[in-house]
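The primary structure of each chain is shown beneath.
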Amino acid sequence: MTATIDLAAHRPGAAELQLRDEVRQFLDDQRAAGVFRPRSDAWMSAADPTFSRRLGARGWLGMTLPARYGGHDRSPLERFAVVEELLAAGAPVAAHWIADRQMAPSILRNGTEEQRLRYLPGIARGECFFAIGMSEPDAGSDLAAVRTRAREVDGGWEITGTKLWTTGAHFAHAIVLLARTDGAPGDRHAGLSQFVVDLRHPAVHVRPITTIDGEHHFNEVVLDHAVVPAGALLGVRGAGWRQVVAELAHERSGPERFLSTAPLLQAWASRLRGTTDPVAAREVGRLTARAWTLRQLSLAVAAALAAGRSPEVAAALVKDLGSRFEGDVVETVRRVAGVEPRPGADGLAGLLAEAIPHTPAFTLRGGTNEILRSVVARGLGVR
Amino acid sequence: MNDELHEEIRAAVGAILKGRTTSGFDGALWKDLADTGFHLLGVPEEVGGSGGGLRDLAVVVDLVAFHTAGAPIAESAFLAGWLLARAGLDVPDGLVVASLDEIEAHRRGGPLLLSGRAAVPWARHADHVVTLARDGDDLFVAVVPVGEVEQAENLAGEPRDTAVLDDVEAVASAPVGIDADELRLRGALARSVQLAGAARAVLESTRRYVAEREQFGRPLARFQAVQQHLAALAAEVTAMRISADAALLAVEAHDRAEVAVAAAKATASAGAHVVATIGHQLHGALGYSAEHHLGAATARLWSWREEFGNEAHWQDRLAAAAAGEGSWWSTVSGGAR
């Protein structure tokens, strides 16, 4: 019963509540000053390096890192309080998102002292952005099928391969990628390793992938015999798979897995104020109950992570429920509000136009929901 | 928090409840719970309860639901015990259960006299009923002996009786600042915990069944279609459980309890359908037999989701909360604006 018993609800403490109020005030001010316009899926789509640096200056990036690496020694639950406010407000957090969420804890855990000193302070300042190189043309859900190869050469590694669906590689400074250092593709999880590679490398080519929303969030990253120093290896040679799996609980259970479309719901709920449409009211109530519960689930996983546990099964389950909810929000607002989506328009028409073409991504990114359910089934001991 | 204590309660109560599934009242089981004091957990010792907190009691309520046992712990300790404690009245002898309705009362210089009809689950088995009583603008908690009872059952065969009172003299009463709305909220919290418990019973049974049952030469669990259903079931059960847990914490802390309970009951009531549907689908025809234990859990899900307000009721309440002060997001997460 690992999937259900291991979690307990978490009540935020005073520090979390104070942070929440500070961040909320800051975001109100920024919005009022016209610094940003709330939009759905801002953590993937809305990159604003200036805004990221501003958050860094406030101490809201790299929060859980030790001070000696530029961090702020905050708990993961305090970080949760900040992050959920940013997401609910639809603030432009895409530039630093991957660096702050995933790479900071990963480099802290697996990196050498040199790597930590090189990357972590920049992440905490909101000046060093990262991309993740996992998927490949022939390795999507089946991640262990990666073909990118890292060959040991004199003084370092020579990496060759193609990474696909790499979010933000066009503005990121570095990429953490998964490559095979040992064995053959048939060896599956064994023989994989992680590398940190500078994206300005002359043998690394970043090409845009335009998605159905007409925008450029993703890239193809081609490494053409790119020679990197020995210090580019992240963690233990051959332990790449284990390191990646440990990151997944962070990647899958956060508030971005249910709040991507919260700005749309927020806008709709505001518009309904003072009106008396019982159908709309009940739908708002239904989505509110769901959002409240998903938040409690996400918080419970964050509390488990903060306690040093690695609740991968629970994280997979949160992402399955949460990402379906994100699509449910879009469909419900569209159906009940009766507003035609209109790209570039103000209000619900514009927000819907941004949200609708993103809905397929919700249940694909970070592991498809079918894969996540397999993880849950295995956690229940039936697979 | 009280993790160790809760583990101890879980082990002790689990040992008492194991294998005691029944639809009606199980007098022997109630005696076993009473002998150990678990029947009045969470009720202060000052009024004759066993002491302990709300979440300690919730462990027992959850387990009774999980084992689909015939013990009115929700209507007794969780509701009647709470009413008595709030009014500072002693717990009367025998089985005491709560009335879900306010009853008209009047005083003719002497004790409170109550008249009217009130929904009182399990009344036929009870010795005393604890009820909210109203005399004009004055609200009381009153204890009355059980008299005339009209019998009815819910889908799970649990007694859902009506008590009929005609100038019945209260054996004890005291003024109280609780109204029917607050009682309903408390009941919804109890049912949220129970729904999560029964849902876990469905998950546990389903998990075991798909691992054991073989078709086409392999266990059902080897089929991806079955795995997908099972994972969706586990997700819903976990959502129900965590929302009930979070609502208990909110009520204990007096922190936006109404939003928390409304969200938890809306989640639990809506989740009941998902859980019962997947549970039955994966058990196949076998689980449809009255002899199989699955039906006891799903019948409770189908009953409890309606009691103390179904999801539509609580969704409307949440919508009203979201339309009040502050933004939609502050309704979900707390804080100002």
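All of these numbers come straight from a predicted model, not from anything done at the bench.

Student: Any chance you could break down the overall build of chain A for me, citing the residues and the numbers?
Tutor: What chain A contains, in helices and strands, is 14 helices and 8 strands. For 383 residues, the compact-globule formula gives about 21 Å, and the C-alpha radius of gyration of chain A, at 21 Å, lands near that figure. Taking the principal axes of the C-alpha coordinates as reference, chain A spans close to 70 × 50 × 45 Å. Expressed as a percentage of the 383 residues in chain A, the buried residues total 53%. Pairs at least 24 residues apart make up 75% of the contacts formed inside chain A by residues separated by at least 6 positions.

Student: Tell me about the overall build of chain B, and please be specific about residues and values.
Tutor: When you go through chain B residue by residue, the secondary structure sums to 10 helices and 10 strands. Whereas a compact globule of 337 residues would reach a radius of gyration of roughly 20 Å, chain B reaches 21 Å, a difference of no more than 12%. Put simply, chain B has 337 residues, and 55% of those count as buried. Across chain B, contacts joining residues at least 24 apart in sequence account for 71% of those joining residues at least 6 apart.

Student: Could you give an account of the interface of chain A and chain B, with specific residues and numbers?
Tutor: On the chain B side, the residues contacting the 44 residues of chain A number 42 residues. Of all the elements in the fold, those that place two or more residues in the side of chain A that touches chain B are α1 (2–5), α2 (14–32), α5 (76–88), α9 (262–272), α10 (278–306), α11 (312–337) and α14 (369–379) of chain A. Of the residues forming the side of chain A that touches chain B, the biggest block, 14 residues, is contributed by α10(A). Looking at the side of chain A that touches chain B residue by residue, the class counts come to 22 nonpolar, 8 polar and 14 charged.

Student: Go over the environment of His125(B), please, and point to the residues and values.
Tutor: All names here are of chain B. With respect to the element layout, His-125 can be found in the loop between β3 (112–121) and β4 (128–135). Residues His-125 and Pro-72 lie 53 residues apart in sequence; the distance between their C-alpha atoms is 9.7 Å. With residues up to four places along the chain from it excluded, the contact list for His-125 reads Phe-25, Leu-95 and Pro-159.

Student: Which residues make up the environment of Ala172(A), and what are the values?
Tutor: Residues and elements named next belong to chain A. Position of Ala-172 among the secondary structure elements: in the loop between β3 (156–163) and β4 (174–180). Residue Ala-172 is classed as buried on the basis of its 25 C-beta neighbours within 10 Å. Ignoring anything within four residues of it in the chain, the contact list for Ala-172 reads Phe-129, Phe-130, Ala-131 and Leu-199.

Student: How would you sum up α9(A)? Please name residues and give values.
Tutor: In an α-helix, one turn spans 3.6 residues, which is why side chains three or four residues apart end up on the same side. Extensive coverage of α9(A) is indicated by the burial of 9 of its 11 residues. Of the residues making up α9(A), those classed as buried are Ala262(A), Pro263(A), Leu264(A), Leu265(A), Gln266(A), Ala267(A), Trp268(A), Ala269(A) and Leu272(A). Close packing links the buried residues of α9(A) with α5, α10, α11 and α12 (347–355) of chain A together with α9 (311–322) and α10 (328–333) of chain B. Phi turns positive, to about 80 degrees, at Gly274(A), one or two residues after α9(A).

Student: Lay out the nonpolar core with the relevant residues and their values.
Tutor: Membership of the largest hydrophobic core comes to 244 residues, with the highest contact counts inside it found for Ile175(A), Phe195(A), Val197(A), Val376(A), Val60(B), Val61(B) and Leu114(B). The greatest single-element share of this core, amounting to 18 residues, is contributed by helix α6 (residues 224–252) of chain B.

Student: Describe in detail the packing of α10(A) against α9(B), supporting the description with residues and values.
Tutor: Two elements in contact, α10(A) and α9(B), have axes separated by 7 Å at closest approach and are oriented at 95 degrees. Considering their axes alone, α10(A) and α9(B) lie roughly perpendicular with respect to each other. Residues Ala281(A), Arg282(A), Val284(A), Gly285(A), Arg286(A), Thr288(A) and Ala289(A) of α10(A) touch α9(B), and the partners they reach there are Ala312(B), Trp314(B), Gln315(B), Asp316(B), Leu318(B), Ala319(B) and Ala322(B). Looking at the contact of α10(A) with α9(B), its residues break down into 8 nonpolar, 3 polar and 3 charged.

Student: Could you give an account of the pairing of strand β6 (residues 204–210) of chain A, naming the residues involved and the relevant values?
Tutor: Looking along a regular strand, one sees the side chains alternate between the two faces of the sheet. All names here are of chain A. Sheet topology note: the β6/strand β7 (residues 216–229) ladder contains 7 bridges and is antiparallel. Counterpart to Thr-210 in the pairing with β7 is His-216. Where β6 folds back on β7, the antiparallel hairpin that results is connected by 5 residues, among which Gly-214 adopts a positive phi of roughly 80 degrees.

Student: Would you mind going over the packing of α2(A) against α5(A) in detail, with residue names and values included?
Tutor: All names here are of chain A. Orientation of α2 relative to α5, taken along the N-to-C sense of each, is 25 degrees, at an axis distance of 9 Å. As the angle between them shows, α2 and α5 are arranged roughly parallel. For α2 against α5, the interelement crossing comes out right-handed. Of the residues in α5, those touching α2 at Ala-15, Glu-16, Leu-19, Arg-20, Val-23, Arg-24 and Leu-27 are Leu-77, Glu-78, Ala-81, Val-82 and Glu-85. Considering only residue class, the contact of α2 with α5 consists of 7 nonpolar, no polar and 5 charged.

Student: Go over unusual backbone geometry with me, naming the residues and quoting the values.
Tutor: Most of the time, phi is negative for any residue but glycine, and the peptide bond is trans. A positive phi angle, near 60 degrees, is found at Trp165(A), a position not held by glycine. Its location among the elements puts Trp165(A) in the loop between β3 and β4. Backbone geometry places Trp122(B), a non-glycine residue, at a positive phi of 70 degrees. Structurally, Trp122(B) is set in the loop between β3 and β4.

About the criteria used
Residues numbered from 1 in each chain as written. Chains lettered and ligands numbered in written order. Predicted model: local features only at pLDDT ≥ 70, side-chain atom pairs only at ≥ 80, totals over all residues. Helix = DSSP H or I, 4+ residues; strand = E, 2+ residues; numbered from the N terminus. Rg over C-alpha atoms; globule rule 2.2 N^0.38 Å. Buried ≥ 20, exposed ≤ 12 C-beta atoms within 10 Å, placed from the backbone. Contact = placed C-beta atoms within 7 Å. Nonpolar A, V, L, I, M, F, W, Y, C, P; charged D, E, K, R; others polar. Core = buried A, V, L, I, M, F, W, Y, C linked by C-beta atoms within 7 Å. Axes fitted to C-alpha atoms, helices over the stretch in contact; angles between N-to-C directions. Parallel < 35°, antiparallel > 145°, perpendicular 65-115°, else oblique. Pairing = 2+ DSSP bridges. Left-handed = near helix turned anticlockwise from the far one by under 90°.

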